[in-house]
Protein chains: 6
Amino acid sequence: MAQAPKLAAYAGYQYFAVTSPGAFVAHVEISRPDKLNAFRHAMWLELRQVFQQLSTDADVRAVVLSGAGDRAFTAGLDVTDASESGVLSNDGGLDGARTATHLRRHIAEFQDCISAIERCEKPVISVMHGIALGLAIDIACCTDVRICSQDVRFAVKEVDIGLAADIGTLARLPKAVGSLSWVKDVCLTARDFGAAEALAVGFVSQVHESKAAALAAAIKTAGFIASKSPVAVQGTKDVLNHSRDHTVEDNLKYTGVWNAAALQTNDVASALMSVMQKRKPTFEKL
Amino acid sequence: MAQAPKLAAYAGYQYFAVTSPGAFVAHVEISRPDKLNAFRHAMWLELRQVFQQLSTDADVRAVVLSGAGDRAFTAGLDVTDASESGVLSNDGGLDGARTATHLRRHIAEFQDCISAIERCEKPVISVMHGIALGLAIDIACCTDVRICSQDVRFAVKEVDIGLAADIGTLARLPKAVGSLSWVKDVCLTARDFGAAEALAVGFVSQVHESKAAALAAAIKTAGFIASKSPVAVQGTKDVLNHSRDHTVEDNLKYTGVWNAAALQTNDVASALMSVMQKRKPTFEKL
Amino acid sequence: MAQAPKLAAYAGYQYFAVTSPGAFVAHVEISRPDKLNAFRHAMWLELRQVFQQLSTDADVRAVVLSGAGDRAFTAGLDVTDASESGVLSNDGGLDGARTATHLRRHIAEFQDCISAIERCEKPVISVMHGIALGLAIDIACCTDVRICSQDVRFAVKEVDIGLAADIGTLARLPKAVGSLSWVKDVCLTARDFGAAEALAVGFVSQVHESKAAALAAAIKTAGFIASKSPVAVQGTKDVLNHSRDHTVEDNLKYTGVWNAAALQTNDVASALMSVMQKRKPTFEKL
Amino acid sequence: MAQAPKLAAYAGYQYFAVTSPGAFVAHVEISRPDKLNAFRHAMWLELRQVFQQLSTDADVRAVVLSGAGDRAFTAGLDVTDASESGVLSNDGGLDGARTATHLRRHIAEFQDCISAIERCEKPVISVMHGIALGLAIDIACCTDVRICSQDVRFAVKEVDIGLAADIGTLARLPKAVGSLSWVKDVCLTARDFGAAEALAVGFVSQVHESKAAALAAAIKTAGFIASKSPVAVQGTKDVLNHSRDHTVEDNLKYTGVWNAAALQTNDVASALMSVMQKRKPTFEKL
Amino acid sequence: MAQAPKLAAYAGYQYFAVTSPGAFVAHVEISRPDKLNAFRHAMWLELRQVFQQLSTDADVRAVVLSGAGDRAFTAGLDVTDASESGVLSNDGGLDGARTATHLRRHIAEFQDCISAIERCEKPVISVMHGIALGLAIDIACCTDVRICSQDVRFAVKEVDIGLAADIGTLARLPKAVGSLSWVKDVCLTARDFGAAEALAVGFVSQVHESKAAALAAAIKTAGFIASKSPVAVQGTKDVLNHSRDHTVEDNLKYTGVWNAAALQTNDVASALMSVMQKRKPTFEKL
Amino acid sequence: MAQAPKLAAYAGYQYFAVTSPGAFVAHVEISRPDKLNAFRHAMWLELRQVFQQLSTDADVRAVVLSGAGDRAFTAGLDVTDASESGVLSNDGGLDGARTATHLRRHIAEFQDCISAIERCEKPVISVMHGIALGLAIDIACCTDVRICSQDVRFAVKEVDIGLAADIGTLARLPKAVGSLSWVKDVCLTARDFGAAEALAVGFVSQVHESKAAALAAAIKTAGFIASKSPVAVQGTKDVLNHSRDHTVEDNLKYTGVWNAAALQTNDVASALMSVMQKRKPTFEKL
């Protein structure tokens, strides 16, 4: 798996390795394995850049996101780094209101960086293994499909360091799974949970034996999605994200407006033809 | 089961057979089995009429919806019909904006026809077997309770023909089941899924061995619902649909206003009396 | 378990016994076991008082709610009491609009009393056993974490007495579990369901062998939560409740504003220190 | 003005006369002048048909709505008719809940008929003169631009017959004008107000000396609108209606999706060319 | 005016005098004229009680609210009192997060007290004269109809004491008047504005020469409203408040459900009869 | 006026001149007077940068925005530039769906650039004179306070070039002024309107004799705002923007959370002290 060719357009990133394990598929790897892929400030700024670039890259139709190394998807926030320069540091000397302004701006930017995964127009499949704590859950909640290996150890860890999770877990997790009792249990206790529990509540939709197997499955699914009409796939992602946050009636209207343009594509004819001729269709770039 | 008496008031429909398998229960059958119950334009117009009529028919308190024949609940949109006259045909000669206007109107009417099932004031139980693709999921999402047989083969098929599902699946499915990761998986890949998977994620709430067994169970449940106070049952359906699309606070207020009238019914006394006397209550028409 | 010390500040309540089974934990027991803990009008008024007091009691950081006796969490509304003086009684002589006004006010106050559990700033864990009908579900839906014993018998019972559930079940249940088909099934039929089914759909997140075991588990979890930073825990509850009723974007903004103040706490330093030193942190009152 | 040619496609309506006073302009006249244009049940059903037909009539790009005769735009609901067969009649013998169901269905259909004016894709300019009471305001609130003559006498009359206005005034008036204090004044007192007051609060945007002058101005404005790109005009109406009921952010997104199709029109080139060449553009039908 | 009889049921209040200047009309006077009717903590708690009592008092159908004395409607928050015990005092010794919790609870209760005016089921007309600063605007925004005298001096004063108005002005003013540019001007500068400006932007809907004249007009309007069907009047207030915060579609549905009960009143017949017989109707209590 | 010192930190911008006409006040001038300040693609990208920088510039507390030269605030979109490279150009060769994707991305970025004015944490006062068409209105709607000179000529010009205004006018104008009839009139006809009309409907809140007088007034108001507590001023702007797009209840809650931090400022004490001592307060940077 590791030998997939690098994507040249993404060579400049320091903390993320981007390769192409298949046609129209990009594989993004969080690459700070010596620190359990924990996130420094510079990393989440870079994460935003990576996904903004993928969003409009016509050579990419599906994305896989995983963590480098054997031990962790990511251990979350690098607390040492945060204590020095970031959200957990003390500005000093400011009154409570001014400190609050600085914190609010900092949180808003942090949220915006992680939300870039959700805003990315192409579907993103996350593959989680080993340690997956705190920010790991914020990130996972922004991906479209979640897959994990047997050995994964999840936790919504924030209350253990004295804060409410503010980078997206509390906003998205209740809408991603089917038991609010379970959501509150794991968010209020910060306890660990594993692959089986994650599957049972619907947080992940597949569990595999090993990281390698999970990654292979994710790449296969990404390849399958990338073989479909990109007009249809990207429209489906956009409309589903809209659906989560709007009423049924609102979404029906939005979808009608969306498809009024999206149906004016050659992909429908290509897709129908290929179904009849039982061959693989090709679609123009998007 | 097939020998349930026809409901005379519904005899004029071409594509739907409506019978009465029990007191206050209507059974609607999609009846185009030679074409796997695939939907032509005329069919969805007729579907709307059927459910508008059921909605205020005082002789009906619960509805079962199934597909005729052994092979399919419905194969979805009749693509040949759609290519000739409908959403997938080419108006020709119009500019992109004018084509979009025509498409938007067409989609809005199509959505409105299928949503008639959701708007029907009486609860609707769908029984799905065999092939249940594309439009089958849009339809199922509008029913209140979903039941299937072991042999069912579901798929959110739209991306395979180059489009985002626009008749309601993307609007309703995320709110009907408990795993957004699973929803995105099946919507983005268009892959098949079966009865066990549908049950595990909560898309259906019962699985039965055969179509006959599923239909029998649905009719029994419908009969059970039809034996309750229609004021209570129809109020419960309305308030639950409101609940899905509103905040808890909004729904509590709406429910208070609703019940301020609904509690002024003789059904409460009848129901309480029958509980004490352990006999079956009768309720006036509604 | 029963020997936990009474909390003196709560000694004045007639229908609720409040004890302290552990540091910063309050255990509220519905105490009308001879009537299966069925709710009279005076009881829900008292329930509101209890939870308003707990909400700002600096000596309480987590709450357990259960029913006294072996037979029932609660059998729900005391129908005899309701027929005499409450929502099911007839005001007589008033026209339909004026009767509706009285009913609307009555329902609004009833809802407000039960919602006090949700508004309580401290997390509430419900432990349900035996009979848990009608109002039991309304109450459970207001608690944060739901636990039950094997012998529990749940039912959304309202349609059986001729009315739509209006004290919160229809507003909250669809957002608490992951299968709308199941929600409509149990709400429209009023049928019983047990512990296994409740766990499968995510209504409860733990099932235990007996009431005693369930209660012990709840108290242990409550104690665990009470050992964490109260700033973090109470913020997490507030933000999760906001999350259920708002868009992701709205919630992210709200959370940023919340944490801009909440991060200005000594708890973060205490928590981080205790993680490093692997000892139990202490937190100031809140 | 009266000699404008009749539009043949609308000849079959009993209560509405539809003429064409200019290119692509339709003039709809409420025609029951001997009864002050008061609305019977059959009339609002017909009103819906008229505006549904106008909505997709490619020969119409702007609509003017006025009342026939010298005395009234419309006196509102025909109370005699309503007492016999409609919303104010007594179904008799039904309990309060069942009566409520019938009333709810009746109100919903009535609302839907009047809302057809708002749903009409083409802009509608109302011209009000003389008596304009009750339903007159519901209707006016559904039109896009409101013009009146000096002699107009408006009133939100409903409280005077013992009911809250339920056909749209209370829903739309607070969003149509700029003083909530004034809205509550006129809705709670049912008092008359005239042209000057209507202009001052923004309910109408033009006042003219006589009905004839107001009608002439409306037809001129309609003709002016009808000379513009129908893609641009109809898009503007749709997006403005969406704007009233959504957040700025939601509307920006919706508008982007809308214009992604709407900009693919030849009208932009035609419009730009005609601006440069200072001549009147022609646009294809829509 | 001052000799209107006291309403015995309201004799116990310290800061508010409640009289009855006409049938079914209550006049509430803020009574701390020696301090320009500035609000102490105890006053807003009492204000809530007064309006909760009025809300369900069957002898009251309309309310007038004014300030005692010649000099002020109210000078707003009593800053001395607030500095000693309230929102502007310093709890001391708590960290920023804990202080924030106390402030949040305090603000929430303060808001709840003032919002009691809006929640009052009966229409409230405010009469403002002289000094009307800060909290005066919060209070005025909760009343239904706003009237003032020529000498009034308004200001959204909060930024001048270093804070954003948090008791309701910023929430309600933008929806009460028709110029957002003006709203931001007066809220950001804290500058004074007078009667003419308030009328021009729609903040008040009537201006009178003197306090006495304004009060007389308010009492006359209140008497006029109190002579109408209370079912219609109270329904109109409730539905208009709902309208402000919901979409047109949502409000239409809510209104239909509301009126399904409200139309089952004898008031409609009484009102219609009195219109025909040109005499004053009488209505049962509500 | 023109001699106000340049702000060095903003010297690098090509199309915008930023000066400081008073303490803590920045004056941004659109500087392309030879082209009537019409916007090229590069200009709106730069506009975003300018306002992002102002948003967190601790030396700026209020902003004035005007257009350079005598003739125009701005003539709107530079149509020639747009035809060559932007939204009105033809990508060529792509199908309708792919063209729509490119247009949607383009519109979204354009909207985001203009919305930067609204997102700027400091209040922005726009001063409009001469020609103010199309994009001028989109921009004005993003500013907090709108001022104009007598000679201004406004128009929502978009339908005249065949499109619906998509950069914010249709989203914001209905919420900025008090007559929806007027909004639809000017948006559907694209007709000109002047200063008096703009004032009457509340689009602007001040009109001055000349551009110089308007600018002087704006700078004076900005200076006045800049002399207040920046904590209070910036909080007021944020909460008012939230208010426009949320319910009263939602906004009250949000404001409570906001002020729980904002009240922990030294500004309250400074402001109160300066009121008592009748001297000008000083506030720390923000």
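Residues numbered from 1 in each chain as written. Chains lettered and ligands numbered in written order. Predicted model: local features only at pLDDT ≥ 70, side-chain atom pairs only at ≥ 80, totals over all residues. Heavy atoms only, no water.

- Chain A appears in an unreviewed UniProt entry as ClpP/crotonase from Trichocladium antarcticum.
- Regarding chain A, the UniProt comment filed under Sequence similarities (unreviewed entry) reads as follows: "Belongs to the enoyl-CoA hydratase/isomerase family."
- Quoted verbatim from the Pathway (unreviewed entry) field of UniProt, the annotation for chain A is "Lipid metabolism; fatty acid beta-oxidation." (UniProt positions renumbered as here; feature names shortened; annotations may be inferred.)

1. Here we look at the interface of chain A and chain B
Right, so step 1: Taken together, the 47 residues of chain A in the interface contact 40 residues of chain B.
Right, so step 2: Taken as a group, A:L240, A:V248 and A:L252 account for 18% of the area that chain A buries against chain B, more than any other trio of residues on that side.
Right, so step 3: In this assembly, chain A and chain B are joined by two salt bridges.
Right, so step 4: As a salt-bridge pair, B:D160 and A:K228 come within 2.6 Å of each other at their nearest N and O atoms.
Right, so step 5: Our count for the chain A to chain B interface comes out at 19 residue pairs in polar contact (both at pLDDT 80 or more).
Right, so step 6: When contributions to the side of chain A that touches chain B are tallied by element, the ones reaching two or more residues are strand 7 (145-149), helix 5 (169-176), helix 8 (211-226), helix 9 (230-244), helix 10 (248-262) and helix 11 (266-277) of chain A.
Right, so step 7: By residue number, the principal contributor to the side of chain A that touches chain B is helix 9 of chain A, which donates ten residues. (Contact = heavy atoms within 4.5 Å. Buried area = accessible area lost by both parts, 1.4 Å probe. Salt bridge = Lys/Arg side-chain N within 4 Å of Asp/Glu carboxyl O. Polar contact = N/O pair within 3.5 Å; in protein donor to acceptor, adjacent residues only side chain to side chain. Helix = DSSP H or I, 4+ residues; strand = E, 2+ residues; numbered from the N terminus.)

2. Some words on the interface of chain C and chain A
Right, so step 1: Facing 47 residues of chain C, the contacting portion of chain A comprises 40 residues.
Right, so step 2: Approximately 3,500 Å² of surface area, both sides summed, lies buried where chain C meets chain A, with 67% of it carried by carbon and sulfur atoms.
Right, so step 3: When the area that chain C buries against chain A is broken down by residue, the three leading residues are C:L240, C:V248 and C:L252, summing to 18%.
Right, so step 4: Those elements giving two or more residues to the side of chain C that touches chain A turn out to be strand 7 (145-149), helix 5 (169-176), helix 8 (211-226), helix 9 (230-244), helix 10 (248-262) and helix 11 (266-277) of chain C.
Right, so step 5: By residue number, the principal contributor to the side of chain C that touches chain A is helix 9 of chain C, which donates ten residues.
Right, so step 6: By residue class, the composition of the side of chain C that touches chain A is 22 nonpolar, 18 polar and seven charged. (Nonpolar A, V, L, I, M, F, W, Y, C, P; charged D, E, K, R; others polar.)

3. Focus on the pattern of salt bridges
Right, so step 1: Applying the stated criterion across every chain yields a total of 120 salt bridges over all chains.
Right, so step 2: As a salt-bridge pair, D:E121 and B:R105 come within 2.9 Å of each other at their nearest N and O atoms. With one member in each of two chains, D:E121 in the loop between helix 3 (96-119) and strand 5 (124-128) and B:R105 in helix 3 (residues 96-119) form a pair that bridges those chains.
Right, so step 3: Of the residues examined, B:R105 reaches a relative accessible area of 22% and is grouped as partly exposed. (Buried < 20%, exposed > 50% of the residue type's maximum accessible area, 1.4 Å probe, protein only.)

4. Examining the sheet that holds strand 3 (residues 62-67) of chain D
Right, so step 1: On the basis of which strands lie adjacent, the open sheet formed by six strands has the order 1-2-3-5-7-9 (chain D) and mixed pairing. Two strands lie at the open edges of the sheet, namely strand 1 (16-22) and strand 9 (206-208) of chain D, each paired on one side alone. Between one strand axis and the next, the sheet turns by 25° as a mean value, whatever way the strands run.
Right, so step 2: Taken strand by strand, helix 6 (residues 180-189) of chain F contacts strand 7 (145-149) and strand 9 of chain D, and its axis lies near 110° from that of strand 7 of chain D. (Pairing = 2+ DSSP bridges. Axes fitted to C-alpha atoms, helices over the stretch in contact; angles between N-to-C directions.)

5. Some words on helix 6 (residues 180-189) of chain A
Residues and elements named next belong to chain A.
Right, so step 1: The buried count for helix 6 comes to ten of ten residues, which makes it a mostly enclosed element.
Right, so step 2: Of the positions making up helix 6, those classed as buried are L180, S181, W182, V183, K184, D185, V186, C187, L188 and T189.
Right, so step 3: In the stretch just after helix 6, A190 is the one whose phi turns positive, near 60°.

6. A few points about the relation of the copies chain A and chain B
Applying a rotation about an axis and a shift along it to one chain copy brings it onto the other copy.
Right, so step 1: Under the fitted operation, chain A is carried onto chain B by 0.0 Å of movement along the axis and a turn of 120°, and the coordinates agree to an RMSD of 0.0 Å. With respect to symmetry, the two chain copies, as superposed, fit the operation of a three-fold axis. Within chain A, the C-alpha atom positioned nearest to the axis of rotation is that of A:G178, 2.1 Å from it.
Right, so step 2: Taken together, the interface assignments show that only 6% of the residues at the interface of chain A recur at the interface of chain B, consistent with different surfaces on the two copies. (Least-squares fit on C-alpha atoms with pLDDT ≥ 70 in both.)

7. Focus: the relation of the copies chain C and chain A
Right, so step 1: It takes a turn of 120° to lay chain C on chain A, together with a shift of 0.0 Å along the axis; the resulting RMSD is 0.0 Å.
Right, so step 2: A distinct binding surface is used by each copy, with only 6% of the interface residues of chain C retained as interface residues in chain A.

8. So, the packing of helix 3 (residues 96-119) of chain F against helix 4 (residues 135-142) of chain F
Residue and element names in this part refer to chain F.
Right, so step 1: Relative to each other, helix 3 and helix 4 sit at 40°, their axes nearing to 7 Å. Taken together, the axes of helix 3 and helix 4 are oblique relative to one another. Counted together, F110, I114, S115, I117 and E118 of helix 3 and L135, D138, I139, C141 and C142 of helix 4 form the full contact between these two elements.
Right, so step 2: Its residues placed into classes, the contact of helix 3 with helix 4 shows seven nonpolar, one polar and two charged. (Parallel < 35°, antiparallel > 145°, perpendicular 65-115°, else oblique.)

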